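So the chains spell out like this:
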Amino acid sequence: MFSKSTLTYVLFLCFVTRNVAAFDMSSNQNVTGCVLGSELIWSCQSGQYRTMDAIINTFSIAFLDEFYSTDNLPSIDLANTCNTGDNSLFSGTNLLNCSFLASGIETCQAAGKIVTISLGGATGSNGFANDTEAAAYAQTIWDFFLGGSSRTRPFGSAILDGIDMDIEGGSQTGFVSFLSALRTLMNGGSKPYYITAGSVLMLHTMTVTNTVRFISASMSFPDAYIGTTLNEFGFDAVYVQFYNNYCGLTNYNNPNAWDFATWDNWAHTVSPNPDVKVYIGAPASSSTAGSGYVSPSTFTPIIQETMAEYSSFGGVMLWDASQAYTNDRYDISVKDALLGGTSSPPPTTTTTTTTIMTTTMTSPITTTTSTSTISSPSPTTTSGTISCAGVAAWQTGVAYVGGDEVIYDGDLWTANWWSENDVPSGSSGDWANSGVCA
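Reading guide: rules and limits
Residues numbered from 1 in each chain as written. Predicted model: local features only at pLDDT ≥ 70, side-chain atom pairs only at ≥ 80, totals over all residues. Heavy atoms only, no water. Salt bridge = Lys/Arg side-chain N within 4 Å of Asp/Glu carboxyl O. Helix = DSSP H or I, 4+ residues; strand = E, 2+ residues; numbered from the N terminus. Buried < 20%, exposed > 50% of the residue type's maximum accessible area, 1.4 Å probe, protein only. Polar contact = N/O pair within 3.5 Å; in protein donor to acceptor, adjacent residues only side chain to side chain. Disulfide = S-S within 2.5 Å. Phe/Tyr/Trp six-rings, centres within 6.5 Å; stacked < 30°, edge-to-face > 60°. Expected span 1.5 Å × (residues − 1). Arc of directions from axis to C-beta. Contact = heavy atoms within 4.5 Å. pLDDT = per-residue confidence, 0-100.

On to the pattern of salt bridges, then. Per the stated rule, a full pass over the model turns up 3 salt bridges. The partner of Arg329 in a salt bridge is Asp331, with the nearest N and O atoms 2.7 Å apart.

Here it is as structure tokens:
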């Protein structure tokens, strides 16, 4: 969601459960899973599946990264799950055919989860020239991903449940017209559809410079690249990032920092949808964010107090779900807090495998306030020499995921998370220096 974002993918096994409950956007107990987890990608691709239980309610496939590519059709980039190296394009387009994912998406939907497509991402080749162009584009999204029809549907027969706007740059021209036209199509559909804003930035109400998404800019609320649209179109939910910034979870007890109240007030007095839900976006482990991770014992009262105090509260967005899984099932502790009890996967009747990719975007940032500064982490460095045999040189224009290795400036670098066009020796924190190549 920022000048640099983190792309996440995960592939899960969905179990069809007994007495499956339909997704309820009005609930305040939902969990949105955003996941890194290249190791889970590997485990699913190799057939070593893990159970996706009833803890997480929403998944978003990332990304539709270009609104207008070849022949003015969109393109999608799903990294190593579905890419131009391993998968085919629809003839005459730059649009990947990822229809092999259809059955998996449908299985997860049958288990009561919603699956959406995320528009935007870090590369940011998106936007409209005017309202007319934007409104027409709604039909493209409807036909390619939702309830319409086309010979070039990237996910084949699967009908996604909506879109997530992950806008990380550019102008907001036409966004309201696009979303309004899309909502009209959704309202005429045969099932509920949803429109969310992904990883919206938490911006404090005090004067701030060099804040996320700004360079020596004054504070803007609620978000630099989607804020005007948030105020003019009725989103169903917004996922607010309470980490990597001054207003994060670690400052919950500081009344001058933590300001969920600001978002609650926005939900009730500014948002065109008075029922919009606001989620707490949280890191699922200490390794998934530059700052803001809190332990389950610390997070539980934050969740429960926020839920009790603010009616706009919709649940928690975890960054990322794969890290939550390996961090002693951090996702279960979150669900426990939301439910006020113990969450465990319900009994299963039939088992069906699926591959699902989900994502959210985040990055370490630099925030400067009148009283404090939070800086981006420097690249992690490990001394000593190491064999770099078989490792390719880092390249621009290549999307790397966590665990990928490259050679840059004579050193071996390992990706901490998804990265594209960020030099390994830079200050983004995307890469860890594993040592000098022998």
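From this point on, the discussion continues.
Attention shifts here to the side chain of Asp236. Within the secondary structure layout, Asp236 lies in the loop between helix H5 (227-232) and strand E10 (237-241). Take Asp236: its relative accessible area is 13%, and that puts it in the buried class. Side-chain polar atoms of Asp236 contact the side chain of Arg183, separated by 3.2 Å.

Scanning the entire structure with this criterion turns up 2 disulfides. Here Cys82 connects covalently by a disulfide to Cys98, the sulfurs 2.0 Å from one another. On the sign convention where negative means left-handed, the S-S torsion of about -95° between Cys82 and Cys98 marks this disulfide as left-handed. On the criterion of sequence distance, the pair formed by Cys82 in the loop between strand E5 (75-76) and helix H2 (102-110) and Cys98 in the loop between E5 and H2 is long-range, its members being 16 residues apart.

A few words now on the packing of aromatic side chains. Taken as a whole and judged by the stated rule, the model has 22 aromatic pairs. Relative to Tyr194, the ring of Phe23 lies with its centre 5.3 Å away and its plane at 80°, an arrangement referred to as edge-to-face. Of this pair, Phe23 sits in the loop between strand E1 (13-17) and strand E2 (30-34) while Tyr194 is found in strand E8 (residues 194-201), placing the two residues 171 residues apart along the sequence. On the basis of an interplanar angle of 50° and a centroid distance of 6.1 Å, the ring pair of Phe260 and Phe313 is categorised as tilted. Note that Phe260 is positioned in helix H6 (residues 260-269) and Phe313 in strand E12 (residues 313-319), a separation of 53 residues in sequence. Aromatic rings pair up to connect Phe67, Tyr68, Phe128, Tyr137, Phe175 and Phe178 into one cluster.

The next point concerns helix H7 (residues 296-309). With 14 residues, H7 ought to run about 20 Å at 1.5 Å a step, and its terminal C-alpha atoms sit 20 Å apart, in line with that. Three or more residues of H7 are buried, namely Phe299, Ile302, Ile303, Thr306 and Met307. Summarising the axial view, the buried residues of H7 lie within an arc of 125°, below the 170-degree limit, and thus occupy one face. More than 90 degrees from the buried face of H7, the exposed residues found are Ser297, Ala308 and Glu309. In this structure, the buried side of H7 is in contact with H6, strand E11 (277-283), E12 and helix H9 (330-339).

Let's shift gears to the environment of Tyr243. Of note, Tyr243 is situated in the loop between E10 and H6. Judged by relative accessible area, Tyr243 falls into the buried class, the value being 0%. Between the C-alpha atom of Tyr243 and that of Ala289, which follows or precedes it by 46 residues, the distance is 7.2 Å.

With that out of the way, let us pick up the side chain of Lys335. Relative to the helices and strands, Lys335 is located in helix H9. Its relative accessible area of 6% is what places Lys335 among the buried residues.

Should pLDDT be low for a region, the predicted coordinates there are not to be read in detail. Scored by pLDDT, the protein has a mean of 76; 71% of the residues are at 70 or more. Segment residues 35-52 is flagged for pLDDT under 50; beyond a separation of four residues in sequence, or across chains, it makes 59 contacts in the model. Counting contacts from residues 344-382, a segment whose pLDDT is below 50, to residues more than four positions away or on other chains yields 156 contacts.

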